[in-house]
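Each chain is listed here by its residues.
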Number of protein chains: 2
Amino acid sequence: MTDGKPTLRDVAAAAGVSPMTASNALRGKPGVKESTRLKVLAAAERLDYRINLTASMLKSGRSNIIHIIVNEFDSPFYSKLVQSLATETTARGLTPFVEQTRYSPDAAKHALATNPFSGQLFDGEIIHAAGLNTDVPLAAMNHGRPLVLIDACEDTPSFDTVNFPNEEGARAAVQHLIERGCRHIAIVGTDYAPRNELARVEDSAGLRLRGASGALLDAGLPYDESVTFSAYNSTRGTEAGHAIARAILEQRAGRAGSAAAGSADGTNGTAGTVEMAGTSGSGPTAATAMAFDGVFCSNDYAAFGVIRGLADYGIAVPGDVKVIGFDGATSGAYTTPTLSTIQVDLDQLAQFALDMITRRVEQRSQGAADTPATRATIGYTLVSRESTTAER
Amino acid sequence: MTDGKPTLRDVAAAAGVSPMTASNALRGKPGVKESTRLKVLAAAERLDYRINLTASMLKSGRSNIIHIIVNEFDSPFYSKLVQSLATETTARGLTPFVEQTRYSPDAAKHALATNPFSGQLFDGEIIHAAGLNTDVPLAAMNHGRPLVLIDACEDTPSFDTVNFPNEEGARAAVQHLIERGCRHIAIVGTDYAPRNELARVEDSAGLRLRGASGALLDAGLPYDESVTFSAYNSTRGTEAGHAIARAILEQRAGRAGSAAAGSADGTNGTAGTVEMAGTSGSGPTAATAMAFDGVFCSNDYAAFGVIRGLADYGIAVPGDVKVIGFDGATSGAYTTPTLSTIQVDLDQLAQFALDMITRRVEQRSQGAADTPATRATIGYTLVSRESTTAER
DNA sequence: CTGAAAGCGCTAACAG
DNA sequence: CTGTTAGCGCTTTCAG
């Protein structure tokens, strides 16, 4: 150690062994006498030695870093997803490297393919980001490194995939609304699609719609364009809430017409000017005498927006309408009303994803051939909170 | 390029130049003829060359990676902070490496000091995490690399620091409540401290308490133990809400006694059994005839909890009590009621922090001596939303 | 079980 | 403006 940080050579010298033995001892490789190992560890401790990872990575070609690509940090869903993935990665002695794409497909492709880190540094990737789906040549972009997709929803997976319980969860959510007495249920979060088209969907939103609509039809309740309201983010969740509120007020009045905003809202000036969202809910809808009394939202963010939008028109949750979301965002336990939701098990997701990654990493390091892509679906819990409470 | 990825040597060969010239051309160093540079870039493009960062980092000792250490990902405050920091870091051509400590001081110290990445890989660190304050030997742990603390609140900064507008923001928040007609204001988020002790606080919570209490006293309103309720996270925010609710009900009844929960809550069974939080609010408080009509929370998370806790007792916001938070969490715009808050400018924070880091990095690369620690305080906007609306 | 040699791919320093 | 030399610190390989 001339001056700067101690190197492996310094540790070896201090321990009276060769650099190679020191390296093996430090890394816990088998085939080092216990007494030797202790000597080396003591020397390293004494010198406050820290391995130089850049050198290690350069030589070995492995980094133990897992690349996690998500759309953003600041949303109830992603912040929780990232927390679970990062925690599990760390628990396994690997290092999580989290990158956000901000929903830009270009940024996502860059993160995966052209970013120099991705090219050579990462041992594997876990991806839930717009633009990185199976329509693009992921394997090529990724140079064939281990890759786990989250919620890719392919029928026959081309990559290791961990899916959400989209259809079952959505079905359970709608059934819950029905059990709570709802008979006219709106679906927020997806564009309408007829049932026959839903038979062959391979995406998250479609599967949730399939589950939700199936539950409606099984119960003899209506499923058509008039009950679906699209909403891809919270703002549109609010718009969907407005649309549903107006539909309710029109239905209550027994006729089509202008519904006055009955909100107590003094600061939010948008209530009177929002446009209709979704494919329907506006104007004189045919044979819908009964007002909406339940809403299934395909994510919690949209659910918060819907509750917000309903409130703008003075419609109370769960008093007038019950609302259930999907995801299990942490904040749903603290809002007013607290939000009923399909809480997906993100810790389990993280475990599955890391199992898949580490399996492939090990396969490769042993020169074994790649095994076929696997798929797992995580569990969920229906969390019943105030937003679907029966009594009022 | 024998077989695997193309190396710089391959690019140089393809372009008919030396590796060094290729390196300089690729990195945009001055002193390369334009025609040569173009040849090199074309060759790199053609070969789909990607620099090997491990080799680059090993040789140069620089990584362009900024280490961002925070307590967690999944909270309204941190998810937004991380998003701002990561976005700004990327915008400057640097790479953000975000790590969570989950509030463990040991994990935080490990992240900063013993994690091998920290030892040699990162060009600088931006820190907002429990356990990494100026009580510990940060400079030594960090081996003297550039370091920016967020909200360290030292009177004379020992490290580059970006502070929140703690005192001014809290003062503005309480003044806002007063302007909205509140005359009996509770403070949630900090343990009570007498005014004379607050003169010399050097921490975020103390400064917010100083600002809030100052505003109360300036307006001739009471500031004593009976108006403070501690709350360090959302759960305790809820407890504080319960305590405030009970105080209100007692005060309304004009005497001490059991306050019945008047909640419409059918699922949350805790209302009747929670313990009192904070230092007061329970039992027969002396001369407090007037019920609380306003609450200042020193963070939004606590504010959500307080609103939640008040609702458990049937107390409405803003109808019965107005509530304002601090931070400007994204979700405050979508809750019901929407949350008034002191919205701090996290994008500005990110800019300041990165200015400070890059300045030091450049200083070092030029062998200049370190300049004294600097400090900046970010701006805020008082966002007035439903939770402090005057009309009902 | 331990050691010696070689080099991963790049870039700082200097020579041409 | 371009090329040559040398070596960052580690680990793979293979010999002892």
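Per an unreviewed UniProt entry, chain A carries the name LacI-type transcriptional regulator and comes from Bifidobacterium scardovii.

**Student:** So what exactly am I meant to see when it comes to the relation of the copies chain A and chain B here?
**Tutor:** For these two chain copies, the linking operation is a rotation about an axis paired with a shift along it. Placing chain A over chain B gives an RMSD of 0.1 Å and needs a rotation angle of 180°, together with 0.1 Å of translation along the axis. Such a combination of rotation and displacement between the chain copies is what one expects of a two-fold axis. Relative to the rotation axis, the closest C-alpha in chain A is found at Thr54 of chain A, a distance of 2.5 Å. A high fraction, 100%, of the interface residues of chain A reappear at the interface in chain B, so the copies pair face to face through one surface.

**Student:** What am I meant to see in the domain arrangement of chain A here?
**Tutor:** Interface size is commonly expressed as the accessible area that is lost once the parts come together. All names here are of chain A. Its domain assignment divides chain A into domain 1 (60-164 + 346-379) and domain 2 (166-259 + 289-344 + 383-388). Summarising the inter-unit geometry, the C-alpha centres of domain 1 and domain 2 are found 31 Å apart. With 14 residues of domain 1 in contact, the opposing surface of domain 2 contributes 15 residues. Each partner contributes to the roughly 1,100 Å² buried at the junction of domain 1 and domain 2, and carbon and sulfur atoms together form 52% of this total. Where domain 1 packs against domain 2, one counts zero salt bridges. Where domain 1 touches domain 2, the interface holds six residue pairs in polar contact (both at pLDDT 80 or more). Looking at the side of domain 1 that touches domain 2, the element that brings in the most residues is helix 5 (residues 76-91), giving three residues. Across the side of domain 1 that touches domain 2, the residue classes break down as seven nonpolar, three polar and four charged.

**Student:** What exactly am I supposed to notice about the packing of aromatic side chains here?
**Tutor:** For any pair of aromatic rings, the description consists of the separation of the ring centres together with the inter-plane angle of the planes. Residue and element names in this part refer to chain A. Under the counting rule described, the total for this entry stands at 16 aromatic pairs over all chains. Taking the centre distance of 5.8 Å and the plane angle of 75° together, the rings of Phe229 and Phe292 count as edge-to-face. Taken together, the positions of Phe229 in strand 7 (residues 228-229) and Phe292 in the loop between helix 12 (234-253) and strand 8 (294-297) put the pair 63 residues apart, joining distant regions of the chain. Neither Phe229 nor Phe292 differs from the other in exposure class; each is buried. Joined through ring pairs, the aromatic side chains of Phe77, Tyr78, Tyr103 and Phe164 make up one cluster. Across from the ring centre of Phe326, 3.8 Å away, lies the NZ or CZ of Arg208, which sits over that ring.

Calculation criteria
- Residues numbered from 1 in each chain as written.
- Chains lettered and ligands numbered in written order.
- Predicted model: local features only at pLDDT ≥ 70, side-chain atom pairs only at ≥ 80, totals over all residues.
- Heavy atoms only, no water.
- Least-squares fit on C-alpha atoms with pLDDT ≥ 70 in both.
- Contact = heavy atoms within 4.5 Å.
- Domains from an automatic or database assignment.
- Buried area = accessible area lost by both parts, 1.4 Å probe.
- Salt bridge = Lys/Arg side-chain N within 4 Å of Asp/Glu carboxyl O.
- Polar contact = N/O pair within 3.5 Å; in protein donor to acceptor, adjacent residues only side chain to side chain.
- Helix = DSSP H or I, 4+ residues; strand = E, 2+ residues; numbered from the N terminus.
- Nonpolar A, V, L, I, M, F, W, Y, C, P; charged D, E, K, R; others polar.
- Phe/Tyr/Trp six-rings, centres within 6.5 Å; stacked < 30°, edge-to-face > 60°.
- Buried < 20%, exposed > 50% of the residue type's maximum accessible area, 1.4 Å probe, protein only.
- Lys NZ or Arg CZ within 6 Å of the ring centre and 35° of its normal.

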